[in-house]
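Architecture and fold: a report
Spelled out from the first residue to the last, the chains are:
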Amino acid sequence: MMFKATTPRTRPALRKVRTTAALRPLRHRLDPARVEEIPFRAGDGVRLGLTRVDTGDTGRPAVLLLHGHTASADMFLLPETRNLVDVLLDDGYEPWLLDWRGSRRLPYNETGGRYTYDDVALYDIPEAVSHIRERIGDRPLFVVAHCIGSLTLSLSMTAGLVPGLAGVVSQGVFLTPKLAGRTSLRMSVAGELLKTRIDHIPVDFRKVGLWSRYTPLFALASRRATCPDPTCQILHNSAWGTGASLFVHENLAEATHDRLAELLGPAPLWILPHLRRIELARSVVRWHDTDHRYRSLPPNALDAAGRIDTPVLLLAGSENGLWLDSQRLCHEVLSHRQPQLDVSYTEIPGYGHLDTFLGRGAALDVFGHILEFLGERR
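This structure is a prediction, so every number in the text was calculated from the model and none was measured. Here the residue numbering is sequential within each chain, running from 1 through the sequence in written order. Selection of residues for local features in this predicted model requires a pLDDT of at least 70, selection of side-chain atom pairs for listing and counting requires 80 or more, and totals for whole chains, interfaces and linings are taken over all residues. For the side-chain quantities, the full set of heavy atoms in the structure was used; hydrogens and water were omitted.

Each helix is a run of DSSP H or I of at least 4 residues and each strand a run of E of at least 2, with the numbering of both proceeding from the N terminus. When you go through the chain residue by residue, the secondary structure sums to 14 helices and ten strands. As defined in this context, the radius of gyration uses C-alpha atoms, and a globule is described by 2.2 Å times the residue total to the power 0.38. Computed over C-alpha atoms, the radius of gyration of the chain comes to 21 Å, within 12% of the 21 Å expected from 2.2 N^0.38 for 378 residues, which places it in the range of a compact globule. If one aligns the C-alpha atoms of the chain with their principal axes, the spans along those axes are about 90 × 45 × 45 Å. Should any heavy atoms of two residues lie within 4.5 Å, those residues are counted as being in contact. Sequence separation of at least 24 residues holds for 75% of the intrachain contacts in the chain that already meet a minimum separation of 6. In the structure as shown, the chain presents an accessible area of about 16,600 Å², 52% of it carried by carbon and sulfur atoms. The Shrake-Rupley method, run with a 1.4 Å probe, gives the accessible areas here. Residue values count only the displayed protein chains as cover.

Shown next as structure tokens:
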């Protein structure tokens, strides 16, 4: 009997996924000698990173910057525009930037142990604040927080885990998250339909390729899109498939637009159950109800808002296509329920969500409101 020799099939190469917890390098135009990278571990052992910009002046108030989910400290350091760090340095502040576990510079949205926003509020933010206070002593410490960084900060604050801040600027959303009905529906449906097939939604079509399982998501995001760039489509036209919009397109400089896949990373689907619970409650609620490790976090941050011990500026673009009028709602609710709190609200005409920091004109249209708030309390 004769046997025909066959060539064994070659298995397709597996997609390379970064597993190291080392931070990706930051892109900036600062003198590298002034940029101090401080790796540290959160209370549960997760490796994170702080970045300090050395001003040479040990008497300056410090400002901690918190990015949104899937973004990173890069969003405050854009070399192609006058960015928030530039403005803070020129106005006499010492910037500190935290890359919490949802950062684009870290691998946890794609690999590693899964987490909820409880972990960010309980471990990441308080540990970062503790590190900074060890370095700055009794100097004032402010926080400027964006999106989920702001949302999780509200949970830390109402838990009493970061007392004594000099002031907080919250951009986009704080205690009362509010999504459009279609965004909430798509989030729920997508989470159920896709959870057995994928665990995150990427933004860089060049990396996943035409014949990937993600192609239908990019195709859906491209419907009625005015920009031909797939990354822009899935962010500006769809917000990772939710149907929301993350920025006003014309507010971005061309160089920033071309870097979107570098500035924003994959969105993990396994975080959606916590996000859905938060959105349905119209409040920041704890996910872990039975795990004693999280008992210091309030079940509902809005109900514990009386513990906030610092002035808060609620900031939002008038065209916020993701969180809508969440900040205005938060101001109205807190003014009614906690009138003793020092909470103000400012709306930026013509701006969306991310472009309040990434926009080419943000230094003129947005950052002045932040500096005014900080300056009155430094």
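Let's pick the thread back up.
Cysteine sulfurs are considered disulfide-paired once they come within 2.5 Å of each other. For the structure shown, the criterion picks out zero disulfides. Of all cysteine sulfurs, the one in Cys330 lies closest to Cys147, which takes part in no disulfide; the gap is 14 Å. Taking the relative accessible area as the measure of exposure, Cys147 reaches 8% and is therefore buried. A disulfide-free cysteine, Cys232 has its sulfur positioned 3.7 Å from the sulfur of Cys227, the nearest such atom. Exposed residues in this analysis have more than 50% of their type's maximum accessible area, buried residues have under 20%, and partly exposed residues fall in between, with area computed by a 1.4 Å probe over protein chains only. Taking relative accessible area as the criterion, Cys232 reaches 1% and is therefore assigned buried.

Our focus in this paragraph is the confidence of the model for the chain. Note: pLDDT gives the predictor's confidence per residue, expressed from 0 to 100. Predicted confidence across the chain gives a mean pLDDT of 90, with 91% of residues reaching 70 or more. Below a pLDDT of 50 lies the segment residues 1-17, which in the model reaches five contacts outside its immediate sequence neighbourhood of four places, other chains included.

A separate point is the sheet that holds strand β1 (residues 35-41). Two strands pair under a simple rule: DSSP has to find at least two bridges between them. Strand order in this open sheet of eight strands is β1-β2-β4-β3-β5-β6-β9-β10, and the pairing throughout is mixed. Single-partner strands in this sheet number two, and they are β1 and β10 (343-348). Averaged over all pairs of adjacent strands, the angle between strand axes in this sheet comes to 20 degrees, irrespective of strand direction. Strand direction decides the pairing type here: β1 and strand β2 (residues 47-53), joined by seven bridges, are antiparallel. Pairing of Val35 across the sheet is with Val53, part of β2. Axis definition: a line fitted to C-alpha atoms, limited for helices to the stretch in contact. Angles are taken between N-to-C directions and run from 0 to 180 degrees. Each of β1, β2, β3 (62-66), β4 (94-99) and β5 (141-146) is contacted by helix α2 (residues 117-136), which is oriented at about 150 degrees to β4, the strand it contacts most. The sheet contacts of helix α11 (residues 326-337) involve β6 (167-171), β9 (312-317) and β10, and relative to β10 the element is tilted by about 160 degrees.

Quick look at the side chain of Arg139 now. Positionally, Arg139 belongs in the loop between α2 and β5. At 2.6 Å, the side chain of Arg139 and the backbone oxygen of Arg60 are in polar contact. Under the rule applied, a polar contact is a pair of N or O atoms within 3.5 Å (in protein, one hydrogen donor and one hydrogen acceptor; residues adjacent in sequence only if both atoms are side-chain atoms).

This part is about the packing of aromatic side chains. For Phe, Tyr and Trp, rings pair up if their centres lie within 6.5 Å, where Trp contributes its six-membered ring, and each pair is then called stacked (planes under 30 degrees apart), edge-to-face (over 60) or tilted (otherwise). Per the counting criterion, the structure on display carries five aromatic pairs. One aromatic cluster in this structure is built from Phe76, Phe357 and Phe367. Two limits define a charge over a ring: the Lys NZ or Arg CZ must be within 6 Å of the ring centre, and within 35 degrees of the ring normal. Across the ring face of Tyr93, the terminal group of Arg378 is positioned such that the distance to the ring centre comes to 4.4 Å.

Any Lys or Arg side-chain nitrogen found within 4 Å of a carboxyl oxygen on Asp or Glu counts as a salt bridge. Throughout the structure, instances matching the rule amount to 26 salt bridges. In this structure, Glu36 engages Arg52 in a salt bridge whose closest nitrogen and oxygen atoms are separated by 3.0 Å. Here Arg52 lies in strand β2 and Glu36 lies in strand β1, a separation of 16 residues in the sequence. The class of Arg52 is buried, set by a relative accessible area of 13%. Ionic contacts of the salt-bridge type, sharing partners, join the residues Glu36, Arg52, Asp54, Glu94, Arg135 and Arg139 into one network.

What follows is about unusual backbone geometry. For Thr70, which is not a glycine, the phi torsion comes out positive at approximately 75 degrees. Taking the relative accessible area as the measure of exposure, Thr70 reaches 3% and is therefore buried. Even without being a glycine, Cys147 presents a positive backbone phi close to 55 degrees. The topology assignment puts Cys147 in the loop between β5 and α3 (148-158).

To continue, consider the packing of α2 against α3. Two elements in contact, α2 and α3, have axes whose closest approach is 8 Å; the angle formed by their N-to-C orientations is 80 degrees. Judged on the interaxial angle alone, α3 and α2 are roughly perpendicular. Residues Tyr117, Asp118, Val120, Ala121, Ile125 and Pro126 of α2 lie in contact with α3, whose contacting residues are Ile148, Gly149, Thr152, Leu153, Leu155 and Ser156. Residue classes follow a fixed rule: Ala, Val, Leu, Ile, Met, Phe, Trp, Tyr, Cys and Pro count as nonpolar, while Asp, Glu, Lys and Arg count as charged, and any other residue, Gly among them, counts as polar. Residue composition of the contact of α2 with α3, grouped by class: eight nonpolar, three polar and one charged. Comment on the angle field: the value is read as roughly parallel under 35 degrees, roughly antiparallel over 145, roughly perpendicular from 65 to 115, and oblique elsewhere.

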